[in-house]
Amino acid sequence: MEAKLKKELGTSILKPTGHSGGGCISEGRSYDTDTGRVFVKINHKSEAKLMFDGEMASLEAIMKTETVKVPKPVKVIKLDTGGCVFVMEHLDMKGLSRHSTKLGEQLADLHLHNKRVLEKLNKEQQTVGKGAGQSGVAAVEKFGFDVTTCCGYLPQENEWQSDWVAFYSQQKLQHQLNMVEKSHGDREARELWAKLQLKIPQFFTDVEIVPALLHGDLWGGNVAECADGPVIFDPASFYGHSEFELGIASIFGGFNSSFYSAYHEKIPKAPGFAKRNQLYQLFHYLNHWNHFGGGYRGSSVRIMKDLLK
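Bear in mind the structure is a predicted one, so any value in this text is a computation, not a measurement.

> Would you mind going over the pattern of salt bridges with me for this structure?
Note on pairing: side chains with opposite charge can pair once their charged atoms come close. Scanning the model with the defined rule gives 17 salt bridges in all. A cluster of three or more residues bridged by salt bridges with shared partners is formed by Asp 186, Glu 188, Arg 297 and Lys 305.

Structure, rendered in structure tokens:
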């Protein structure tokens with residue numbers, strides 16, 4: 001692997017630094033190269049390239065907004081032995097503590113970025129002599145993403161849709177429940193979903209949803225801080241409802257009250273937030289059920305029952 005890395009990165013030096021990391025999906029290690037230190041994620045699964053390509057596109061999209069720091073992606077490299085590696089900038093990170101408030105502010109800025117671009121575009125179109133497309137960053141008017149991204153190692157359906165409720169019901173929840181059905185054939189989950197999908201539009205009465213670029217998998221294990229501020233990594237991005245981002249955070253924690261206060265100062269909670277938060281948790285419980293098995297069945301079923309009350 002190291003010979004391949006040297007060749008692909010065009011470096012004469014490739015020296016392991018002893019830094020390693022990684023989660024339940026991929027392993028990671030850092031190397032010194034001619035041009036500085038890089039972090040390399042390694043995954044031997046056959047779908048690794050799809051996963052890493054999606055992660056690279058996610059990091060690039062977040063970087064373009066200039067709102068919150070992410071590791072700069074370098075290259076996705078296929079291994080001759082199967083699987084793939086993803087090379088990115090190495091950042092000296094430690095647990096999030098001092099910069100929680102700043103992360104809340106910057107995450108809200110990330111979520112508001114596309115809305116601000118759209119507003120600027122509308123303004124420009126109304127100004128005599130100035131046409132569309134002057135602002136530099138493309139405005140996004142639908143929900144989805146240009147490439148497949150993976151939440152964990154399971155691919156997400158990111159085909160563009162103009163209606164958020166349809167996108168979330170069909171491409172997020174239905175997609176996960178189809179996988180549950182295929183693996184477990186769970187009758188109770190199937191029956192609850194048949195009722196719940198009819199009720200979903202009610203949770204969105206009087207809520208205006210502008211497509212927001214999301215990290216997509218933002219829990220405590222995917223945030224950290226450097227000396228100069230917060231960092232987010234391991235994204236599974238798409239354009240969706242900003243509230244979706246807070247679903248997994250409220251399951252696994254990792255964020256203190258100063259983070260939430262700073263975030264909601266910029267994006268206040270809309271009426272019905274608590275119910276929608278449960279609806280967004282449901283995606284992650286189902287995704288965990290599909291990744292790790294029946295330990296997450298109880299939570300998935302419970303939340304569907306709660307939402308039907």
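> Help me understand the domain arrangement of the chain in this model?
A common way to report how large an interface is uses the accessible area buried once the components associate. Assigned domains within the chain: domain 1 (1-90) and domain 2 (95-125 + 137-308). Using only C-alpha atoms to locate each centre, domain 1 and domain 2 end up separated by 25 Å. Listed per partner, the contact involves 20 residues of domain 1 and 27 residues of domain 2. By the criterion of area lost to domain 2, the three top residues of domain 1 are Thr 67, Val 68 and Lys 69, representing 27% of everything that side buries. Summed over the shared surface of domain 1 and domain 2, the result is 1 salt bridge. Across the salt bridge formed by Asp 234 and Lys 41, the nearest N and O atoms sit 2.7 Å from each other.

> What is the right way to look at the packing of aromatic side chains in this model?
Aromatic ring pairs are described here by two measures, namely the spacing of the ring centres and the angle between the planes. In the structure shown here, the tally under the stated rule is 19 aromatic pairs. A ring pair is formed by Trp 160 and Tyr 239, whose centres lie 6.1 Å apart and whose planes are at 35°; its orientation type is tilted. One end of the pair, Trp 160, is in the loop between strand E7 (154-155) and helix H4 (164-184); the other, Tyr 239, is in strand E11 (residues 238-240), and 79 residues separate them in sequence. According to the relative accessible area criterion, Trp 160 is partly exposed, its value standing at 33%. For Tyr 239, a relative accessible area of 14% translates into the label buried. Ring centres 6.5 Å apart and planes at 55° place the aromatic pair Phe 204 and Tyr 280 in the tilted group. Of the two residues, Phe 204 is situated in the loop between helix H5 (187-199) and strand E8 (212-214) and Tyr 280 in helix H8 (residues 273-292); the sequence distance between them amounts to 76 residues. Note on accessibility: Phe 204 and Tyr 280 belong to one class, buried. The ring of Tyr 153 has Lys 45 sitting right over it, with the charged end atom 4.2 Å from the ring centre.

The rules we used
- Residues numbered from 1 in each chain as written.
- Predicted model: local features only at pLDDT ≥ 70, side-chain atom pairs only at ≥ 80, totals over all residues.
- Heavy atoms only, no water.
- Salt bridge = Lys/Arg side-chain N within 4 Å of Asp/Glu carboxyl O.
- Domains from an automatic or database assignment.
- Contact = heavy atoms within 4.5 Å.
- Buried area = accessible area lost by both parts, 1.4 Å probe.
- Phe/Tyr/Trp six-rings, centres within 6.5 Å; stacked < 30°, edge-to-face > 60°.
- Helix = DSSP H or I, 4+ residues; strand = E, 2+ residues; numbered from the N terminus.
- Buried < 20%, exposed > 50% of the residue type's maximum accessible area, 1.4 Å probe, protein only.
- Lys NZ or Arg CZ within 6 Å of the ring centre and 35° of its normal.

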